[in-house]
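One-letter residues, chain by chain:
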Amino acid sequence: IRTSIRKLSILHEDSEYGIVTVSVGATVFTPLASIGDPTELVERADLALYQAKNAGRNCVRFHRLADDYAKDFA
């Protein structure tokens, strides 16, 4: 999705890239991870999204429930 949107080259004058780009934050639930509240999934995905934005945008960060950091899949 991120690459496809960038390839569209939609002009965006306020972007440092000059075009529309996408940052993505994702997480996953596995039966081995203990999760008490489904909102934790959303919170972890949001954390990964902000890590992607802070890393310069136009990238993907993935956060596993057991991780204290998000992995870069750019």
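Cut-off values and rules
Residues numbered from 1 in each chain as written. Predicted model: local features only at pLDDT ≥ 70, side-chain atom pairs only at ≥ 80, totals over all residues. Heavy atoms only, no water. Helix = DSSP H or I, 4+ residues; strand = E, 2+ residues; numbered from the N terminus. Buried < 20%, exposed > 50% of the residue type's maximum accessible area, 1.4 Å probe, protein only. Contact = heavy atoms within 4.5 Å. Areas by Shrake-Rupley, 256 points an atom, 1.4 Å probe, with all protein chains shown as cover. Expected span 1.5 Å × (residues − 1). Arc of directions from axis to C-beta. Phe/Tyr/Trp six-rings, centres within 6.5 Å; stacked < 30°, edge-to-face > 60°. Lys NZ or Arg CZ within 6 Å of the ring centre and 35° of its normal. Polar contact = N/O pair within 3.5 Å; in protein donor to acceptor, adjacent residues only side chain to side chain.

S.K.: Is there a simple way to explain the overall build of the protein in this structure?
M.R.: Summing up its helical and strand segments, the protein has two helices and three strands in all. Along the protein, helices (α) and strands (β) appear in the sequence α-β-α-β-β when read from the amino end. Going through the 74 residues of the protein one by one, you find that 23% of them count as buried. Partitioning the intrachain contacts of the protein with sequence separation of at least 6 by distance along the chain shows that 42% fall at a separation of at least 24. On the protein, roughly 5300 Å² of surface is accessible, and the fraction owed to carbon and sulfur atoms is 54%.

S.K.: Which parts of the structure should I look at to understand helix α2 (residues 39-54)?
M.R.: Two residues of an α-helix separated by three or four positions point the same way, owing to the 3.6 residues in each turn. With 16 residues, α2 extends 22 Å between its outermost C-alpha atoms, agreeing within 8% with the 22 Å of an ideal straight helix rising 1.5 Å per residue. Inspection of α2 places A45, A48 and A52 among the buried residues, and these make up the whole buried set. One side of α2 carries all its buried residues, which in axial view fall inside an arc of 60 degrees. Along α2, exposed side chains directed more than 90 degrees from the buried face belong to E43 and N54. Once α2 ends, the next one or two residues include G56, with phi positive near 115 degrees.

S.K.: Please clarify how the packing of aromatic side chains should be interpreted in this entry.
M.R.: Note on aromatic pairs: each is described by the distance of the centres and the angle between the planes. Taken as a whole and assessed by the stated rule, the structure comprises zero aromatic pairs. Above the plane of the ring of Y50 lies K53, whose end atom (NZ or CZ) is 5.0 Å from the centre.

S.K.: For this particular structure, what's the right way to read unusual backbone geometry?
M.R.: Residues other than glycine predominantly adopt negative phi, and peptide bonds predominantly adopt the trans conformation. Even without a glycine there, the phi angle at R57 is positive, about 65 degrees. Secondary-structure assignment places R57 in the loop between α2 and β2 (60-64). Residue R57 is classed as partly exposed on the basis of its relative accessible area of 46%. The phi angle at N58 is positive, at roughly 55 degrees, despite the residue not being glycine. Relative to the helices and strands, N58 is located in the loop between α2 and β2. Note on N58: relative accessible area 8%, which makes it buried.

S.K.: Any chance you could explain the side chain of S15 here in plain terms?
M.R.: Following the sequence through the fold, S15 ends up in the loop between α1 (2-7) and β1 (24-28). At 3.2 Å, the side chain of S15 and the backbone oxygen of I19 are in polar contact.

S.K.: Sorry if this is basic, but what is going on with the environment of S15 here?
M.R.: Given the relative accessible area of 17%, S15 is considered buried. Residues S15 and R57, spaced 42 residues apart in sequence, show a C-alpha to C-alpha distance of 9.9 Å.

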